[in-house]
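So you can see what is in the structure, the chains are spelled out below.
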Amino acid sequence: MCGGVCVGPSCDARSGVSARCPRCTCHVSFFSFMCRCGCPPEAASSCVERCSEGGCLVVSLLELLAFNCTFIFIASLVVLVEPIAAGSGIPEIKSYLNGVRIPGIVRFRTFFCKVTGVVFSVAGGLFVGKEGPMIHSGAVVGAGLPQFQSITFKRIKLDFPYFRSDREKRDFVSAGAAAGVAAAFGAPIGGTLFSLEEGSSFWNQALTWKVLFSSMSAAFTLNFFRSGINFNKWGSFQLPGLLNFGEFKCPDGDKSCHLWTAVDLAFFIMMGVVGGLLGALFNCINKALAKYRMRHIQPKAKFIRVLESLLVTMVTTVVIFAASMLLGECRDLPPSMMPNSTVRSSEDINSTIRQFFCPNRTYNDMATLFFNPQEAAIHQLFHQDGTFSPMTLSLFFLLYFLLACWTYGVSVPSGLFVPLLLCGAAFGRLVANILKVKLGMGIYSGTFALIGAASFLGGVVRMTISLTVILIESTNEITYGLPIMITLMVAKWTGDFFNKGIYDAHIQLRGVPLLEWETDSQMDKLTASDIMEPNLTYVYPHTRVQSLVSILRTTVYHAFPVVTENRQNERDFMKGNILVSNNIHYKPAHEHPVGSSSFSLMEQKSSVVSRAAEQRRRCQSMKSYPSSELRNVCDEQNSAVEPAEEGVDLLQQMLDRRHAPYPNLYPDQSPSEEWTMEERFRPLTFHGLILRSQLVNLLIRGVCYAESESSATQPRLSYAEMTEDYPRYPDIHDLDLTLLNPRMIVDVTPYMNPCPYTVSPHTRISQVFNLFRTMGLRHLPVVNAVGEIVGIITRHNLTHEFLVAKLRQHHIRV
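All values derive from a computational prediction rather than experimental measurement.

*Asks:* Hey, could you go over the pairing of strand S11 (residues 789-794) for me, with residue numbers and the actual values?
*Replies:* Of all six residues in S11, five are buried; the element is thus mostly enclosed. For strand S10 (residues 779-783) and S11, the ladder comprises five bridges, and the chain directions are antiparallel. The residue of S11 that forms the bridge with valine 783 is isoleucine 789. Two successive antiparallel strands, S10 and S11, enclose a turn made up of five residues, where glycine 787 displays a positive phi of approximately 80°.

As structure tokens, then:
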């Protein structure tokens, strides 16, 4: 739109006409600014100067500020509706695929806010990309579409229960994230590898072809519609992705030109080192800004976040405008880009040339980079034959680096891939200019721009395999595979020496218990008993309603062990009022004669004792118990059994007792708050795990029986009824349980998992970690040699920070 009209003397001073120029108007769009005068084109520079004197540039700047601030204000308001829609969404999706449930991450409202917000944030002129939000949007589609139901639109609910489980949903989210990458870059194989490398934590062979098929479908669907809409050639498949780097090739007839040589690999390695250092610096600054936002901006009123977004927008707009007007240099157009040139390959590049304050046959290099879409600017740095001055590239890189670092984290949907590629491409083009112009080396500038983009992007996000394939598919040049891979590996190694990648840093700041691919070898100095949580909140096979309600309302655990108390075993194992470990210990071999056939069996029988070490650890960590009635259980079968005679095999007694029925409650027994710590932590035989959602479902449907009746009278629920509310189960605090008799008893044994994965207290951490991560577990009970639960391991107990803290507690040097 026009920013103002200036009328002055005739633009063509050579014509000798004293008439006034009828109209000289400055046009400002979101991506370009140029002064168009109704006078001859050779007087363009004087026309801009007259516009400047008449106030046209100031009005245009204000108009540009108004448009950008309006768009960013809308994007910020959308984020206020759904705060999880802010940012790129990749850290959240990575956490979700790692096994961490984040509320609202894959809801339809998040999808709507994400898509709407990223349109306005990109149009508002911020240094953000749309590729990250596309990955998040694809993950939301993958999570919701196979469910055939919607939480937002409650009427959409079809009877299709096949994919309504955590595992199936996680697989579809992986496929959706891969489809988002494939659509953004036109790289279906790169999208599959991205989902494998950065997203999915639980991968299997069957999932590979499903994700690849989803990525291929997304890429070809986008190609079909874009080619038909832009060229009106439906089915031509000419536009593979939203971001396409174009074809790298030497000019026709230039026999000395080459894309890259073996000598260039040395420069690529050095660029990878510099890219890793710059990426580490970018992450360090952005992490400090994120901490500042968490402490001083997010706790305040919501409109403060909107004001921050508007402040970043105004600063970005003023910097773009001022840098293009004041810091740009006029560069001569190369022969292939002249208006009378017959080279068709430069037509797209000619359309993005900006001539601010420059005469004809020249262009403003700074304005060409700033007042263009980011994809067009990347295309300029990759393929333009004309040169950008080293000073312009240095200033552009510095300004873009600082503003992109400041922008990532504001309260708008924003991606990071394209800004990093553009910033890195400027760095690579600067290296190419120094080598080509200053040192006179015969190199291809576009290759160094591509390697610079890869090095900086790899130094920030620390991706290797997937990013290599994405760049190869985007350039459609397989010969770039080796230099890109070497550059990314060097950039990752260099950056990892200082800090983590940008996505891992934000995940860590939010306190998400993300599990890495493997643990350090030094962590094997710890065992499962060192990291487990000994303060257990458990339920009995037959528990009163009021006990279950008390447990569910006073804890936040997602699963509870189902146990019975070994009161008879406690009497058998009591030796002089001292409880000792029930684990089997062996004396050194030199203390026993070789060939003693009865040694193993005798040692096993004589060493079976109770578990004082685990009990003391549980006693020390226990602060309080939410409900003392949880321990209100008597074993009807075992209470009548007389104490075992000496000499009876205790192990055989326990094996026989395993097949006895689960004990019921004594209806008239009252809770005892005066139990000692040893009484509270008497041996507990482990029978299984039951989920919070299952307990809530049993209470809602009134699945219980009276204390005067048998458990056989309790109603039975089918699997479909138990999972009917997936994935949004009712909260215990929102339920009205006044109709239930608190003295009623719930038999949880038909609904618990009787054979979950368990580990021994002496299991090494590497084994615990591999079992937990590869099987996608959320709870891992620690059970000793006689079937008694001594603790439980959750995701929090396996995070790197927690393990390091445990090592320090044991005075082990990290």
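*Asks:* Would you mind going over the packing of helix H9 (residues 264-296) against helix H19 (residues 502-509) in detail, with residue names and values included?
*Replies:* Helix packing for two helices is described by the angle between their axes and how far apart those axes are. It is at 10 Å that the axes of H9 and H19 come closest, and there the two elements cross at 25°. With respect to their mutual orientation, H9 and H19 come out roughly parallel. You can see that H9 and H19 cross each other, and the crossing is right-handed. Side by side, H9 and H19 meet where Asn283, Asn286, Lys287, Ala290, Lys291 and Met294 of the first sit next to Ile502, His506, Gln508 and Leu509 of the second. Tallied by class, residues from the contact of H9 with H19 come to four nonpolar, four polar and two charged.

*Asks:* Explain the environment of glutamate 788 to me, using residue names and the numbers behind them.
*Replies:* Tracing the backbone through its elements, the reader meets glutamate 788 in the loop between S10 and S11. The exposure class assigned to glutamate 788 is buried, which follows from its relative accessible area of 1%. Expressed as a C-alpha distance, the spacing of glutamate 788 and phenylalanine 686, which sit 102 residues apart in the sequence, is 5.4 Å.

*Asks:* If you had to explain a nonpolar patch on the surface to someone new, which residues and values would you point to?
*Replies:* The grouping of Ile189, Leu212, Met216, Phe220 and Phe237 at the surface amounts to a nonpolar patch, some 420 Å² of accessible area in total. The element contributing the most residues to the nonpolar patch is helix H8 (residues 205-231), with three residues. Its place among the elements puts isoleucine 189 in helix H7 (residues 188-199).

Parameters at a glance
- Residues numbered from 1 in each chain as written.
- Predicted model: local features only at pLDDT ≥ 70, side-chain atom pairs only at ≥ 80, totals over all residues.
- Heavy atoms only, no water.
- Buried < 20%, exposed > 50% of the residue type's maximum accessible area, 1.4 Å probe, protein only.
- Helix = DSSP H or I, 4+ residues; strand = E, 2+ residues; numbered from the N terminus.
- Pairing = 2+ DSSP bridges.
- Axes fitted to C-alpha atoms, helices over the stretch in contact; angles between N-to-C directions.
- Parallel < 35°, antiparallel > 145°, perpendicular 65-115°, else oblique.
- Left-handed = near helix turned anticlockwise from the far one by under 90°.
- Contact = heavy atoms within 4.5 Å.
- Nonpolar A, V, L, I, M, F, W, Y, C, P; charged D, E, K, R; others polar.
- Patch = residues over 30% accessible without salt bridge, like charges linked within 9 Å, V, L, I, M, F, W, Y side chains within 5 Å.
- Areas by Shrake-Rupley, 256 points an atom, 1.4 Å probe, with all protein chains shown as cover.
- Salt bridge = Lys/Arg side-chain N within 4 Å of Asp/Glu carboxyl O.

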